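Here are the chains, one letter per residue:
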Amino acid sequence: FTTLGDTSAATAHAARMAGQILVMRPSLWPETVRALIVHSAEWTPQMRARIDACNGAKGQIQALVRRYGYGVPDIGRALLSTVNDLTLIVEDQLQPFQREGSAAAKTRDMKLHRLPWPKEQLAALGAAQVELRATLSYFIEPNPGERGWTRRHRYASHGLRFRVKSAIETVDEFRARINQAARDEEEGASPAGGEDWLLGTFRDNGSLHSDFWAGSAADLAERDAIGIFPVGGWWKEKPFLERFDGVARYALIVTIRAPGSNVDIFTPVENVIAITGAINA
């Protein structure tokens, strides 16, 4: 047994922060507001020391995250990028499943987002350590008839996951890996390694996934795509409820940091996005 306290006050603080974000950016989706609150959070030095002491053991780290959450959110980080930080926000949607005739429903859409990294600036940093954080937020539709404690997909209508392109993959190879990851999730297989995320929470049953990667700037420069793909839920498993063609919205937030560096990684991307917007207009 243990004690809990101040959850009501924490709820009020979270609601205030959501309101502040919407005042500054009223066009954001609710999925995005929730993602920004979580994405802005950082562990205190004491929390981080406990996590680092796990030496990469995923089970121990995840147990601590259940205790600490993602840390203390910060309204300044939620709204602004600094010169040596860069945050990208994507709001998009996909149709997770489809059904043809009387056949079983199958997965349908996968989205691949190219990341406009400042490759020259990152390459100039070479072996310097940089950090990447990705947060995926979406809302599920609860199963109207079952509580969902005995089967993995019984409660949630669908699930979404993300993967990031490795430095040595082509885009086609990355697509093939995402397809394999989706099949592994469906079959209950253990996810393949190789991405070296801190938490490794892709098999989480929630509807918000946030994780951290650290490596060299040169490596990150080539990790320039992120894929979003669906995994099963009752929309797929219960076609008689006729929700297999439902559309799922999601918010994706990706941040790169170059701590201790004076290199401007924000302005080059800002210029690329501005030029692209002018061309599209």
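Just so you know, these numbers come straight off a predicted model, no measurement behind them.

## Considering the nonpolar core
- Residues Trp117, Leu122, Leu132, Leu220, Ile226, Ile228 and Tyr250 are the most contacted members of the largest nonpolar core, which totals 27 residues.
- Among the secondary structure elements, those contributing two or more residues to this core are β1 (85-94), α6 (119-125), β5 (129-137), β6 (159-164), α8 (217-222), β8 (225-231) and β9 (248-257).
- If sequence neighbours within four positions are ignored, isoleucine 228 has contacts with Leu94, Met110, Lys111, His113, Leu136, Leu160, Arg161, Phe162, Tyr250 and Leu252.
- Formed by 15 residues, the second largest nonpolar core is a distinct cluster that contains Val38, Ile61, Leu198 and Leu199.

## Thoughts on the packing of aromatic side chains
- Evaluation of the coordinates by the stated rule reveals two aromatic pairs.
- Aromatic side chains tryptophan 43 and phenylalanine 212 sit 5.2 Å apart centroid to centroid with 40° between the ring planes, which places their arrangement in the tilted category. Of this pair, tryptophan 43 sits in the loop between α2 (30-39) and α3 (45-52) while phenylalanine 212 sits in strand β7 (residues 208-216), and the two are 169 residues apart along the sequence. Here tryptophan 43 matches phenylalanine 212 in class, with each residue buried.
- Ring centres of phenylalanine 162 and tryptophan 197 lie 5.6 Å apart, and the angle between their planes is 75°; on these two criteria the pair is classed as edge-to-face.

## Considering the packing of α3 against helix α4 (residues 58-68)
- Contact pair α3 / α4: the axes reach a minimum separation of 9 Å and the direction vectors enclose 160°. Looking at the two axes, α3 sits roughly antiparallel to α4. Of the two possible hands of crossing, α3 and α4 adopt the one that is right-handed. Between α3, through Met47, Arg50 and Ile51, and α4, the contact on the second element is made entirely by Ile61, Leu64, Arg67 and Tyr68.
- Taken together, the residues that form the contact of α3 with α4 break down as five nonpolar, no polar and two charged.

## Observations regarding the environment of glycine 215
- Inspection of the secondary structure assignment puts glycine 215 in strand β7.
- Judged by relative accessible area, glycine 215 falls into the buried class, the value being 10%.
- Sequence separation between glycine 215 and alanine 128 is 87 residues; the distance between their C-alpha atoms is 8.0 Å.
- Those residues within four positions of glycine 215 in sequence are excluded, and the remaining contacts are Ala128, Gln129 and Val130.

## Brief notes about the packing of helix α1 (residues 7-24) against α2
- Remark: α1 packs on α2, axes separated minimally by 10 Å, with the N-to-C direction vectors making an angle of 115°. By crossing handedness, the relation of α1 to α2 is classed as right-handed. In contact with Ala14, Met17, Ala18, Ile21 and Leu22 of α1, α2 contributes Val33, Leu36 and Ile37.

## Quick notes on the sheet that holds β6
- Strand order in the open sheet formed by three strands is β4-β8-β6, with antiparallel pairing between adjacent strands. Each edge of the open sheet is held by one strand with a lone partner, namely β4 (111-114) and β6. In this sheet, neighbouring strand axes are inclined to one another by 20° on average, regardless of whether the strands run parallel or antiparallel.
- Bridge analysis of β6 against β8 gives six bridges, and the strand direction is antiparallel. Across the sheet, residue valine 164 finds its bridge partner in β8, namely isoleucine 226.

## Comments concerning the sheet that holds β9
- Overall, antiparallel pairing links the four strands, which are arranged β1-β9-β5-β7 in an open sheet. Here the strands that pair on one side only, and so sit at the sheet edges, are β1 and β7. Direction aside, the axes of adjacent strands within the sheet are offset by 15° on average.
- Sheet analysis places β5 next to β7, joined by nine bridges and oriented antiparallel. Opposite glutamate 131, over in β7, you have alanine 214 as the bridge partner.
- Relative to β9, α2 is tilted by about 30°, and along the sheet it contacts β1, β5, β7 and β9.

Parameters at a glance
Residues numbered from 1 in each chain as written. Predicted model: local features only at pLDDT ≥ 70, side-chain atom pairs only at ≥ 80, totals over all residues. Heavy atoms only, no water. Core = buried A, V, L, I, M, F, W, Y, C linked by side-chain atoms within 4.5 Å. Buried < 20%, exposed > 50% of the residue type's maximum accessible area, 1.4 Å probe, protein only. Helix = DSSP H or I, 4+ residues; strand = E, 2+ residues; numbered from the N terminus. Contact = heavy atoms within 4.5 Å. Phe/Tyr/Trp six-rings, centres within 6.5 Å; stacked < 30°, edge-to-face > 60°. Axes fitted to C-alpha atoms, helices over the stretch in contact; angles between N-to-C directions. Parallel < 35°, antiparallel > 145°, perpendicular 65-115°, else oblique. Left-handed = near helix turned anticlockwise from the far one by under 90°. Nonpolar A, V, L, I, M, F, W, Y, C, P; charged D, E, K, R; others polar. Pairing = 2+ DSSP bridges.

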